[in-house]
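Structural features, examined
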Amino acid sequence: MNATQYTQSTGRNAITNLKIAVIGCGYWGVHYTRIFRSLEGSELRAVCEANATRRNELAQRYPGLDIESDLNRLLAREDVDAVVIATEARSHHAIARQALLAGKHVLVEKPLALDSGDCRELGRLAGQLGLTLMVGHTFIFNPGVKLLRTLLESGSVGKLHYLYAQRSNLGPIRNDVSAVWDLAPHDISIFNYLLDSTPSWVSATGGSFLRADREDVAFVAMGYPDGTVAHIHVSWADPEKTRKIVLVGSEGRAAFNDTATTNTVEVVRTGVTARPDESSRQNGSLTFGTGAVEYPEPDKGEPLLLQSMHFLDCIREGARPLTSAEAGTAVVLTLEAIGRSLRAGGEKVPVADPGVDISIHQEPVSAHIPLVDLGAQHRSLANEIEGAMAAVIKRGDYILGEDVQLFEEEFAAYCGVRHAVGVDSGTSAIDLSLRALGIGPGDEVIVPANTFIASVLPITELGATPVLVDVDPTTLNLTRATVERHITDRTRAVLPVHLYGNPAPMLELRSLCDRHGLLLIEDACQAHGAWLAGQRVGSFGDAAAFSFYPAKNLGAYGDGGILVTNNDEVAQAARLLRNYGSKVKYEHLSIGFNRRLDTLQAGILRVKLRHLDKWNDRRRTLAALYNQALAPLPLELPDESATANSVFHLYVVRSRQRNALQDWLAGRGISTGIHYPIPIHLQPAYRTLGYAPGDFPVTEKAAGEILSLPLYPELDRDSCLRVAHELTAFHNNRMREYGHAAAAKSADLGD
Ligand SMILES: *Cc1c(COP(=O)(O)O)cnc(C)c1O
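Remember, it's a predicted structure, so these values are computed and weren't measured experimentally.

Brief notes about the environment of Leu-665
Tracing the sequence through the fold places Leu-665 in helix 21 (residues 658-667). As a C-alpha pair, Leu-665 and Ala-729 span 64 residues in sequence and 10.0 Å in three-dimensional space. Setting aside anything within four residues of it in sequence, one finds Leu-665 in contact with Ile-670, Thr-672, Leu-707, Leu-709, Val-723, Glu-726 and Leu-727.

Here is the structure:
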């Protein structure tokens, strides 16, 4: 592959300039605009600003600058590799998330987000998508701060005892956050950088003198795991502008005064030490050194410029930024702890470990509740399953053996269809359905944007075109209304997914397909056994696919799948295709594959099929219990009438505080899932389809809000209620503990 192909395929651009856009042109945005207009190795392609007055000012200041007003349009642009987000703090998470999903590298001003759960999600997303995510903790790039670190490392102040910072001025008072959230992130990030560590506890007091609803002055003590203590004083109410950092150690003191015009860094080598013998230390006899005052010169350089250069380097090299998502998360975790301490009257409170993906409110956890528990199901059937496996092993008919044929007959009867063809996965079942029905290059297949990627992979594998469509906001399934306007004269098939086990409206989709002469193929991989209008799913389409992936409602002990159909020719074609295109050994009628269901798996599935209806009933009972227990909370629950026919493969709630909620539950030993965090049209694999963020608003909004709670037939009622109890505790706690930042955020992003 040549260099261009390489950089395209990795997303890392080693040769050409990186194309940058700046989002938000307030104070910092304007500075970034100035810097990226002339920074070597980059090109400023556009700036995005919602405010018309600011746009006019920019246009006058920088004639010819490409100024966008619409964020979705900006993020859809292919000529932008990376964005700098310099908007108000409360929009950082939403915009950064959208930018990552649009495939852009992101530099976001501090704080990374107003909630540590949101910070973690951004870090995870960037990791999953292979993109650079960096936080604008600009002071880390200040040469004065860098010099402090060098001094500390070289032992200039001896052993560090403590450090403190003061950051005060009359305002500027922010509307979106408190003085703590505005000013303290600088000092927390500087301390973390100097100490190469993160605080383990904080204790904070403060006051609201200028405005009643948020602290404008605060005193924060922090402790690091090695015993170092630190103090930060921030104020919007002090007429003297001070920006000072001081380190005090056994051999002296080093200070950085950012408001000084000369001698910004000062070192005084006059320490206090105990005499070497322990007894004099106990007696309090100390030695005072004397030393000169020195003014070492920091390097030159504008911090914002150095930070911008570091961003470009990290993108090019795929390197982890000095101010990584994890560093940004650590700062937000500390701010959250400060908020809790302020509200608890200065109480010393622990700070969560940024490296551990759990809640800061951790308490002794009772038994872990997993999202699914395959072990519990096996234990309930161990004898039967092991008997079935032993029988296969005894017969030795591993390939297309007796149990495969019997299971196919039993599963076809269960679904009320004429044929079932066992294959090696659900993905294969979809693929062979499409092939057996003659779908190929040039054909369009309509499929939801909100599904697991395996619904779509077989379509592109065949050279056909997936036409993604948005979904119904209540069920997240296709409906006649969502499908109809996407039908063209190249449409050959509609592929609805019975998402989370809830049947798509098959009667209206069937009649729509019949009216337009379209094939209907069901992705029933999550809905084994669901009924609709007196018929099982799988019996409505021209073909349907089920998966026996272990965690599905009917799961194998490995991969497996099955295609069902009432069409004799489709069944016959699929039987050939799964078995090298052959019916009689060594005679090959079509170009086939090796995609058979194992006899061992079929033997296991025959045992489990007998329990499926009972298990589905249990899932429905637990879902009803969740619905009842969670009803008082500000959560969107599965709509009772819209899910009346669901077999609840997943129980999915929606919350605007999804990430915080997920962290909270994780901290209490409760596993949850997100199905799915990245919609199909925003997957890196499908950039070639040419979709952009904003194309499917219902799907995209859901991706940020959905959370799957533990649900499996063996889940007991008490565990289910414990999950509900912890969700309730989260909301109570959120109301009580979280500060203005979180409240402002919910208000702002509310709809
Ligand atoms: C599980 C699943 C598939 C794929 O099944 P595999 O057996 O894993 O190949 C396809 N579509 C949906 C909606 C699924 O949930």
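Considering the packing of helix 6 (residues 116-129) against helix 21
Look at helix 6 against helix 21: their axes get within 7 Å of each other, and the N-to-C directions meet at 95°. As the angle between them shows, helix 6 and helix 21 are arranged roughly perpendicular. Counting all contacts with helix 6, which are made through Ser-116, Gly-117, Asp-118, Arg-120, Glu-121 and Arg-124, the residues of helix 21 involved are Arg-658, Asn-659, Ala-660, Gln-662 and Asp-663. Tallied by class, residues from the contact of helix 6 with helix 21 come to one nonpolar, four polar and six charged.

Description of the packing of aromatic side chains
Aromatic rings considered in pairs are described by the distance between their centres and by the relative angle of their planes. Inspection of the entire model under this criterion finds 13 aromatic pairs. A ring pair is formed by Phe-407 and Phe-411, whose centres lie 5.6 Å apart and whose planes are at 35°; its orientation type is tilted. Of this pair, Phe-407 and Phe-411 are both found in helix 13 (residues 402-415), four residues apart, which corresponds to roughly one turn of the helix. As far as the burial class goes, Phe-407 and Phe-411 line up, both buried.

Side note on the confidence of the model for the protein
In the predicted model, the protein carries a mean pLDDT of 90, and the fraction of residues at 70 or more is 91%. In the predicted structure, residues 1-13 sits below a pLDDT of 50 and forms 18 contacts with residues beyond four places in sequence or in another chain. Predicted confidence is poor over residues 356-365, with pLDDT under 50, and the contacts of this stretch with residues over four places away or in other chains come to 30 contacts.

About the criteria used
- Residues numbered from 1 in each chain as written.
- Predicted model: local features only at pLDDT ≥ 70, side-chain atom pairs only at ≥ 80, totals over all residues.
- Heavy atoms only, no water.
- Helix = DSSP H or I, 4+ residues; strand = E, 2+ residues; numbered from the N terminus.
- Contact = heavy atoms within 4.5 Å.
- Axes fitted to C-alpha atoms, helices over the stretch in contact; angles between N-to-C directions.
- Parallel < 35°, antiparallel > 145°, perpendicular 65-115°, else oblique.
- Nonpolar A, V, L, I, M, F, W, Y, C, P; charged D, E, K, R; others polar.
- Phe/Tyr/Trp six-rings, centres within 6.5 Å; stacked < 30°, edge-to-face > 60°.
- Buried < 20%, exposed > 50% of the residue type's maximum accessible area, 1.4 Å probe, protein only.
- pLDDT = per-residue confidence, 0-100.

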